[in-house]
There are 2 protein chains.
Amino acid sequence: MLQIERRQMIIQYLEEHSSATVEELSTKLKVTPMTIRRDFQYLEDNNIATRTFGGAVLNSKLITEIPYENKSLINIDKKKRIAEQAASLVQNGQIVILDAGTTNMEIAKFLTKKQNLIVVTTDLKIAIYLSSSTDFEILCTGGSVQNTTSSFLGSHAVEFLKNINADISFIGSSSVDVEHGITTPSPSKADIKKQMIKCSNKRILVADSSKFQKIGFIKVCNLNEFHKIITDDDLDKNTIKEIRNNNIKLILV
Amino acid sequence: MLQIERRQMIIQYLEEHSSATVEELSTKLKVTPMTIRRDFQYLEDNNIATRTFGGAVLNSKLITEIPYENKSLINIDKKKRIAEQAASLVQNGQIVILDAGTTNMEIAKFLTKKQNLIVVTTDLKIAIYLSSSTDFEILCTGGSVQNTTSSFLGSHAVEFLKNINADISFIGSSSVDVEHGITTPSPSKADIKKQMIKCSNKRILVADSSKFQKIGFIKVCNLNEFHKIITDDDLDKNTIKEIRNNNIKLILV
DNA sequence: TCATAAATGTTCGATTATGTTCAATTATGT
DNA sequence: ACATAATTGAACATAATCGAACATTTATGA
């Protein structure tokens, strides 16, 4: 196994288990503990994980900001199913707001089958993808580019969105909780999402089940702000019940 | 087997297996490991794969999904030489404006060696590239995305640029003429370039020799607006003489 | 606080991968 | 056809990775 692959597997393992010991990884990956320690050191130097005596945890336990490349492969099947369901809510000719993130990228792929859409997004990769594979009008907010996710942040992006009136918006979130609503790791991300919600007629939350029961730093809004929540059927039964008790339309795919 | 075929097979192999060792490819393709290493180097230089000790992995799936324009391969060597010269004019810590286009993308690649730059661009691919490979502050104008070039156009982009004061700007052009100056096929592109020129202290025209003696639809400005013109040494001798007669600094690479 | 077991870091060496250089061969251009 | 350039392979020097042994540090409970 190549070094880079081993390190990717460690990241993936940390994603799934949120922490790992040197011992278990050295057994699993069939290398000496010393090698795992050096890998942990590398991950720490690159701000991916934080070492601790005996093991390591991913940076920020609740909400991880993994670079796009690694992130995009996690739960990709679930994301595709969610995306297909989400895209089916869009009518030809509508104005659609797409939040940044991999789930919304998957939605974008399904939207290529529609006609005459106007798509507004803060995600540069979504903008490039749609502009090269459709003849939709693509609007991008502009502003400062966040380097981990290649999306726009900042007051400029918020101002841009204030001039938009959209038919439907798809909002992603890394942390969803029945009680605390949706939350983000940074105020600027929250500002963007808030404005997206404000300027669209219909609001859909798209998040795979792994994002639930997590709480981030800054609150965006409560779950009842959304007309629909689309997630996958691995969602915890209690959470399903709680959401439906609150009279929120929940779609499981 | 041709070199290009071999490299395509390597890419295909990487797409199927997501990683490959030097060893296995050299056996499979019946060339020495040295050749595979050189191929890997080429793939890395072109942002297709990432080398690691013993092998290589493919870069983010998404990037390769973006259609690779033929345009970017035309005169690529000349563009690289022009870009290297252009990048050498940038000091650490400066505010740099990069116009859209493949020559400016090459400049962006050389700029990764600098420190603490603030880069303003209308080109989404440049923005993604720089944001993922540097820790510069990247500002993007936003607005409507032109689908052929994945760059921003429109009044919104011009307004954004009005708030910028840059140290240096690199302007590309598909048509340069001593008498008519630089011209573009559309008014909106011309507006962007005009504003870029207006809000930067030092203005550099970058265009390979094939762009000269051509006249487009809408005039942007005269050649004497630029502090320097960087092009390649295939430029027609008469044109060289004419430009220098007009007292414009011309750099041939 | 101190003892102790466990984890960690350091150093070294073996192994393996890499880059450099040069020569031979094959394309390419004039 | 000839000169020139590009590609590839071969040989060697260099560099990187990983594991092992041992000294050091840390966590924790008595």
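Above this text is the structure in question.
These numbers were taken from a predicted model, which means no experiment stands behind them.

Asks: Explain the packing of aromatic side chains here, please?
Replies: Any aromatic ring pair is given by two values, namely how distant the centres are and how the planes are angled relative to each other. Within the structure shown, the criterion is met by one aromatic pair over all chains. When the centroid spacing of 6.5 Å and the interplanar angle of 50 degrees are considered together, the rings of Phe152(A) and Phe152(B) count as tilted. Highlighted residues: Phe152(A) in strand 8 (residues 151-153) and Phe152(B) in strand 8 (residues 151-153), drawn from two different chains. Phe152(B) shares its class with Phe152(A); the two are buried. Above the ring of Tyr42(A), the side-chain terminus of Arg7(A) is found at 4.2 Å from the ring centroid.

Asks: Is there a simple way to explain the pairing of strand 2 (residues 49-52) of chain A in this structure?
Replies: When a strand is regular, its side chains alternate between the sheet's two faces. As defined by bridge partners, strand 2 of chain A adjoins strand 3 (residues 55-58) of chain A across four bridges and the pair is classed as antiparallel. Bridging from a neighbouring strand, Arg51(A) pairs with Ala56(A) of strand 3 of chain A.

Asks: So what exactly am I meant to see when it comes to the protein's contact with DNA strand C here?
Replies: Among the 18 residues in the neighbourhood of DNA strand C, the closest are listed as Arg37(A), Gly54(A), Arg37(B), Phe53(B) and Gly54(B). Near the protein, within 4 Å, the atoms of DNA strand C are sugar or phosphate in 66% of cases. At a separation of 3.1 Å, a phosphate oxygen of DNA strand C approaches a polar side-chain atom of Arg51(A). Those elements that place two or more of their residues in the surface near DNA strand C are helix 3 (33-45) and strand 2 of chain A together with helix 3 (33-45) and strand 2 (49-52) of chain B. Along the lines of polarity and charge, the residues of the surface near DNA strand C split into six nonpolar, six polar and six charged.

Cut-off values and rules
- Residues numbered from 1 in each chain as written.
- Chains lettered and ligands numbered in written order.
- Predicted model: local features only at pLDDT ≥ 70, side-chain atom pairs only at ≥ 80, totals over all residues.
- Heavy atoms only, no water.
- Phe/Tyr/Trp six-rings, centres within 6.5 Å; stacked < 30°, edge-to-face > 60°.
- Helix = DSSP H or I, 4+ residues; strand = E, 2+ residues; numbered from the N terminus.
- Buried < 20%, exposed > 50% of the residue type's maximum accessible area, 1.4 Å probe, protein only.
- Lys NZ or Arg CZ within 6 Å of the ring centre and 35° of its normal.
- Pairing = 2+ DSSP bridges.
- Near = heavy atom within 4 Å.
- Polar contact = N/O pair within 3.5 Å; in protein donor to acceptor, adjacent residues only side chain to side chain.
- Nonpolar A, V, L, I, M, F, W, Y, C, P; charged D, E, K, R; others polar.

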